[in-house]
Amino acid sequence: MEHCYLSRIFLQIDESTDRTSKAQLLGFGRFVDNSNIVEQFLFCKELKSTTTGKDIFDVVNNFFEKSGLSWNYCCGVCTDGAPSMTGKYKGFVTLAKIQNPAMIITHCFIHREALVAKTLGEKMLKVLNDVIKIVNYIKSRPLKTRIFETICKKMGSDHIHLLLHTEVRWLSRGQVFNRVIELKEELELFFEKENLPVYKHFFRNENWCYILSYLADIFKKLNDLNASMQGRQETIISSTNKIRGFKNKIIFWKSSIIKGDFSNFPTFSKLTMGKSNIKELQQLIIEHLILLEEKIEHYFPSLTTSADWVVLPFDFTDNVNELDLTNNEKNELIDMSSSSTIRILFNSKKNNMDSFWLNLASEYPAISQKAILLLLPFSTSYLCEQAFSALNNIKTSSRNRLKNVEPDLCLAVSTVSPRIEELCKKYQSQISH
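Rules behind the numbers
- Residues numbered from 1 in each chain as written.
- Predicted model: local features only at pLDDT ≥ 70, side-chain atom pairs only at ≥ 80, totals over all residues.
- Heavy atoms only, no water.
- Helix = DSSP H or I, 4+ residues; strand = E, 2+ residues; numbered from the N terminus.
- Buried < 20%, exposed > 50% of the residue type's maximum accessible area, 1.4 Å probe, protein only.
- Contact = heavy atoms within 4.5 Å.
- Areas by Shrake-Rupley, 256 points an atom, 1.4 Å probe, with all protein chains shown as cover.
- Lys, Arg positive; Asp, Glu negative; His and termini not counted.
- Charge placed at Lys NZ, Arg CZ, Asp CG, Glu CD.
- Pairing = 2+ DSSP bridges.
- Axes fitted to C-alpha atoms, helices over the stretch in contact; angles between N-to-C directions.
- Expected span 1.5 Å × (residues − 1).
- Salt bridge = Lys/Arg side-chain N within 4 Å of Asp/Glu carboxyl O.
- Arc of directions from axis to C-beta.
- pLDDT = per-residue confidence, 0-100.

## Regarding the overall build of the protein chain
Point 1. In terms of regular secondary structure, the protein chain is built from 20 helices and five strands.
Point 2. Expressed as a percentage of the 433 residues in the protein chain, the buried residues total 47%.
Point 3. In the protein chain, the proportion of contacts linking residues at least 24 apart, taken out of those at least 6 apart, comes to 68%.
Point 4. With an accessible surface of roughly 22800 Å², the protein chain has 51% of that area assigned to carbon and sulfur atoms.
Point 5. Charged side chains in the protein chain number 54 positive and 48 negative. The centres of these two groups are separated by 6 Å.

Dropping the structure here:
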């Protein structure tokens, strides 16, 4: 049974520096293997000098040549959107599309969501910067950290440390805000003992605390969205549905706040309960939600439902003409939707859509191929980010001179079980003396 998608591969490429400041390029592939779509580690190559799009392309092209792969089989690439990756003239994807113009390019959903999360008005940004200053004052001074830890222990706090905010870590903002709120009394006492009235008065400023509580709530929601898109087997369809759902929730939150209902933001609602002077804050939150909605539309311009038939194939038979399918694909979708046997198969494989569609490849080749080609593309660069964490664990300070990390990293992140007997055959056993 031969189908054109069986030889297709979608790439996930990302570049970062390890703990020795060496640039490492990581690659993962997603392809069909027997009756499943699998994700597999491909390579980890050091970029010796510069990290331009041409350098990245040369590494990937060299890997393709050594592996006997053709660019014609590479149907898509998911990247983090960095200039070296997506540059219009010299970016990696531009050079790759010269080899295969039909290639699909995906900007990582997680990175785009992180860009949406950066949307803050002037007043909210000031509170964010104030919180960063507070945290940095304590975290950057070991003595202050120990003093604050002692205060927390004496007050019986659940936590004794603040969390450090960094732009690189996607989920750090919401965690930092929540921790500051949890240790609000401890922080106020600490800055009183430190004789720093500017920082102390932040926690006695009602509006400042209100904005802080709202930010903690909204970033908790943004964190949950971000985390939901992390993991293996995430597809463009599932990620699109999650972003579309979050956009719809923003519209709902906005309408609730216009009515004076803040229950969707529990920390803020608890702090402002019974307060009557929050009209300005109400407008501030509405404006921020409008900004978030606009940014989602900017970074995710296409949130259509045209591919939902892949995960709900029996729900679109009545309006099949609205789907972006050929007549042959539409006829096959109608035929399979009318089969009770196919429905039973679908119910048994709801959590494994790729296996469901691959099982239909011989009977319904056109619609099966269309579905698989929609399930194959990566929607995020999660696997590369996860591999970079594994790389840092492998290349520790005591192993920082390790030159070829690819074999170690392959063992750490690959899902393929090693063939021990075959590997042992390559080496001669130590003979007795």
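Once the structure has been displayed, the description carries forward.
## Focus on the sheet that holds strand β3 (residues 36-47)
Point 1. One open sheet accounts for five strands, arranged β3-β2-β1-β4-β5; its pairing is mixed. Each end of this open sheet is capped by a strand with a single partner; those strands are β3 and β5 (104-107). This sheet shows a mean twist of 20 degrees between the axes of neighbouring strands, independent of strand direction.
Point 2. Pairing between strand β1 (residues 9-17) and strand β4 (residues 74-79): four bridges, direction parallel. If you follow Gln-12 over to β4, its bridge partner there is Cys-78.
Point 3. Sheet strands in contact with helix α18 (residues 382-394) are β1, β2 (23-33) and β3, and its direction is about 40 degrees off that of β1.

## So, helix α11 (residues 236-258)
Point 1. The terminal C-alpha atoms of α11, which comprises 23 residues, lie 33 Å apart, in line with the 33 Å expected from a rise of 1.5 Å per residue.
Point 2. Three or more residues of α11 are buried, namely Ile-237, Ser-239, Thr-240, Ile-243, Arg-244, Phe-246, Lys-247, Ile-250, Trp-253, Lys-254, Ser-256 and Ile-257.
Point 3. Buried-residue contacts for α11 involve α4 (109-117), α10 (206-228), α13 (279-299) and α17 (365-375).
Point 4. Where α11 terminates, the next one or two residues include Gly-260, which has phi positive at roughly 90 degrees.

## Digging into the pattern of salt bridges
Point 1. Scanning the model with the defined rule gives 18 salt bridges in all.
Point 2. Between Glu-39 and Arg-232 there is a salt bridge, with the nearest N and O atoms lying 3.7 Å from each other. Of this pair, Glu-39 sits in strand β3 while Arg-232 sits in the loop between α10 and α11, and the two are 193 residues apart along the sequence.
Point 3. Taking relative accessible area as the criterion, Arg-232 reaches 34% and is therefore assigned partly exposed.
Point 4. Of the charged contacts in the structure, one is a salt bridge between Asp-224 and Lys-220, with a shortest N-O distance of 2.9 Å. With Asp-224 and Lys-220 both in helix α10, this residue pair falls four residues apart, about one helical turn.
Point 5. Asp-224 gets classed as partly exposed once you look at its relative accessible area, which sits at 42%.
Point 6. It is possible to trace a salt-bridge network through shared partners that takes in Arg-30, Glu-39 and Arg-232.

## A short note on helix α19 (residues 406-413)
Point 1. Burial in α19 covers these residues: Glu-406, Leu-409 and Val-413. Buried residues in α19, looked at end-on, bunch into an arc of 65 degrees, giving them a common side.
Point 2. Here the buried face of α19 lies against β2, β3 and α18.

## Here we look at the confidence of the model for the protein chain
Point 1. With 94% of its residues at a pLDDT of at least 70, the protein chain reaches an overall mean of 86.
Point 2. The least confident element of the protein chain, judged by mean pLDDT, is helix α7 (residues 172-182) at 77; the most confident is α11 at 94.
Point 3. Ignoring residues within four places in sequence, the model shows residues 167-171, a span with pLDDT below 50, making 14 contacts including any to other chains.

## Overview of the side chain of His-288
Point 1. Locating His-288 in the fold gives a position in helix α13.
Point 2. For His-288, a relative accessible area of 3% translates into the label buried.

## Considering the environment of Val-416
Point 1. Mapped onto the fold, Val-416 is located in the loop between α19 and α20 (420-425).
Point 2. Residue Val-416 is classed as exposed on the basis of its relative accessible area, which comes to 53%.
Point 3. In the structure, Val-416 is positioned 376 residues away from Gln-40 in sequence and 7.9 Å away in space, judged by C-alpha atoms.

## Describing unusual backbone geometry
Point 1. Residues other than glycine seldom take positive phi values, yet Asn-195 does so here, at roughly 60 degrees.
Point 2. Structurally, Asn-195 is set in the loop between α8 (184-193) and α9 (197-202).
Point 3. Classification of Asn-195 as exposed rests on a relative accessible area of 61%.
Point 4. With a phi close to 65 degrees, Gln-233 is a non-glycine residue in the positive phi region.
Point 5. With respect to the element layout, Gln-233 can be found in the loop between α10 and α11.

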